[in-house]
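Read off the chains here:
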Amino acid sequence: MPLTGLRYYLVGGAVRDRHLKLTVKDRDYVVVGSTPEALQKRGFIPVGDDFPVFLHPKTKQEYALARTERKSGRGYHGFTVDASPEVTLEEDLQRRDLTINAMALDEKTGELIDPWGGEKDLNNKILRHVSPAFAEDPLRVLRVARFMARFAHLGFTVDPQTIVLMQKLVNDKELLELPAERIWQEIKQSLNEKTPSAFFWTLRECGALKQLLPEIDAYFGIPQTRQWHPEIDTGVHALLAIDNARDLSNEVAYAVMVHDLGKGITPEHVLPSHRGHESAGVPLVRAVSRRLKVPKSYQQLAELVCRLHLKCHTIEELRAKTVNKLFQDLDAYRRPERIEQFVQACQADATGRWGKEFQKYPQADTVRRYFQATQSVDVKSLIEAGYEGEKLGHQIRQKRIRAIELVHTKS
């Protein structure tokens, strides 16, 4: 067997989640006292670019050589790695971000190796840095925020001294050295955690939100009309909506995250009204999407939700002609999946408020019924009847509008 004679330990999230009685998804191991050449002779497959990581030849689980990291430059990649056989397990654990991620388990004996107090912090529900070296890696600010999104519902909080180190990274502008793709990956993963709002609250607490996502930080302190938003603060509403989208697709959750960006730039003299915030927000959505390098499909849906979400909220008041125009704007006749994505995003927005009266959203089913009715229009028969070009388009539009009118009449 490839493991015979190897000193290896289960580490990181698997040990943490096992203690929390959560499902263990990934099992990562650290190998002590070995070399890349020795592992490859055993059949392990090298996959690491920056440091020695290998896949087990049968299980395909990750095995990394124990290593230390020394700060040698700015940013996420500014480290010198030592993965020599002399590196101890304790030294490897010391370089990790949080104590709850710095435990190891000897599966052969059941011994827990916990030199930095991770088990105690798990029991006390605290996210705490392992050492001052935490402040050498700006990515850890985002990771702590993401762990809050994952564990806030269990009662976890961030240790005040860890917040201080996070603020130091912000003040030193180290976060600005992070690649856009890496920032986006942390945001993307957080949007589908148990409490996505905790990600943004944590970033805001240490000042990182204003640095990385100033358009979202601008939400806070901006009032809305109490009649429609009992929570008043736009930032509070935005995070309630983001939490509502946690079980939806990443594309929809991202659209919800940025749907109200226009409210952050509403002129002060017109507050708490936000008339026109939909169109005002589209350039901001585009700018954030490009800066974070989000996939094109995410950007397209987010811009549509930003521009058109009020039409969904008022769908029952719209004329059939306007409803059909909405479907055209969504490109739903070519991409019918857009309807469900749009409806889900709008529902997360509408129910992201305080008060039971805002938790029902009949507009969602109304949009679905209207769109389903338009699918009954037989385009093929119109072509066979000799319609073409502009005349064909006119006939299709009229029949779809009529189908929507019939549904409206019946309801």
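Higher on the page you've got the structure.
Summary of the structure given here. (Residues numbered from 1 in each chain as written. Predicted model: local features only at pLDDT ≥ 70, side-chain atom pairs only at ≥ 80, totals over all residues. Heavy atoms only, no water.)

All right, on to the overall build of the protein then. Regarding its fold elements, the protein presents 19 helices and 11 strands. Across its three principal axes, the protein shows a C-alpha extent of roughly 80 × 55 × 35 Å. Per-residue burial over the protein gives 50% buried out of 411 residues. Carbon together with sulfur atoms contributes 49% to the accessible area of the protein, which is approximately 19,900 Å² in total. Within the protein, the 55 negative side-chain charges are centred at a point lying 5 Å from the centre of the 60 positive side-chain charges. (Helix = DSSP H or I, 4+ residues; strand = E, 2+ residues; numbered from the N terminus. Buried < 20%, exposed > 50% of the residue type's maximum accessible area, 1.4 Å probe, protein only. Areas by Shrake-Rupley, 256 points an atom, 1.4 Å probe, with all protein chains shown as cover. Lys, Arg positive; Asp, Glu negative; His and termini not counted. Charge placed at Lys NZ, Arg CZ, Asp CG, Glu CD.)

With that settled, consider helix H12 (residues 250–258). Across the 9 residues of H12, 8 count as buried, placing the element largely inside the fold. Regarding H12, the residues found buried are Asn-250, Val-252, Ala-253, Tyr-254, Ala-255, Val-256, Met-257 and Val-258.

Per the counting criterion, the structure on display carries 0 disulfides. As a non-bridged cysteine, Cys-346 has Cys-312 as the owner of its nearest cysteine sulfur, 3.9 Å distant. (Disulfide = S-S within 2.5 Å.)

Here the focus is a negative patch on the surface. Together, Asp-82, Glu-86, Glu-90 and Glu-91 line one region of the surface with negative charge. Look at Glu-86 and you get exposed, because its relative accessible area is 60%. (Patch = residues over 30% accessible without salt bridge, like charges linked within 9 Å, V, L, I, M, F, W, Y side chains within 5 Å. Salt bridge = Lys/Arg side-chain N within 4 Å of Asp/Glu carboxyl O.)

Attention shifts here to the side chain of Asp-137. For Asp-137, the position within the fold is in the loop between strand E10 (126–127) and helix H5 (139–151). The side chain of Asp-137 sits in the buried core without any salt bridge; Arg-140 is the nearest counter-charge, 4.1 Å away. A polar contact is formed between the side chain of Asp-137 and the backbone nitrogen of Leu-139, at a distance of 3.0 Å. (Polar contact = N/O pair within 3.5 Å; in protein donor to acceptor, adjacent residues only side chain to side chain.)

Grouped together as the largest cluster of nonpolar side chains are 109 residues, with contacts concentrated most on Leu-127, Ile-187, Phe-200, Leu-213, Tyr-254, Met-257 and Phe-327. The leading source of residues in this core is H5, at 9 residues. Contacts of Met-257, omitting those with residues within four sequence positions, involve Ile-187, Leu-191, Phe-200, Leu-213, Ile-216, Tyr-219 and Ile-242. Counting 12 residues, the second-largest nonpolar core is a separate cluster that includes Val-32, Ala-66, Ala-102 and Val-130. (Core = buried A, V, L, I, M, F, W, Y, C linked by side-chain atoms within 4.5 Å. Contact = heavy atoms within 4.5 Å.)

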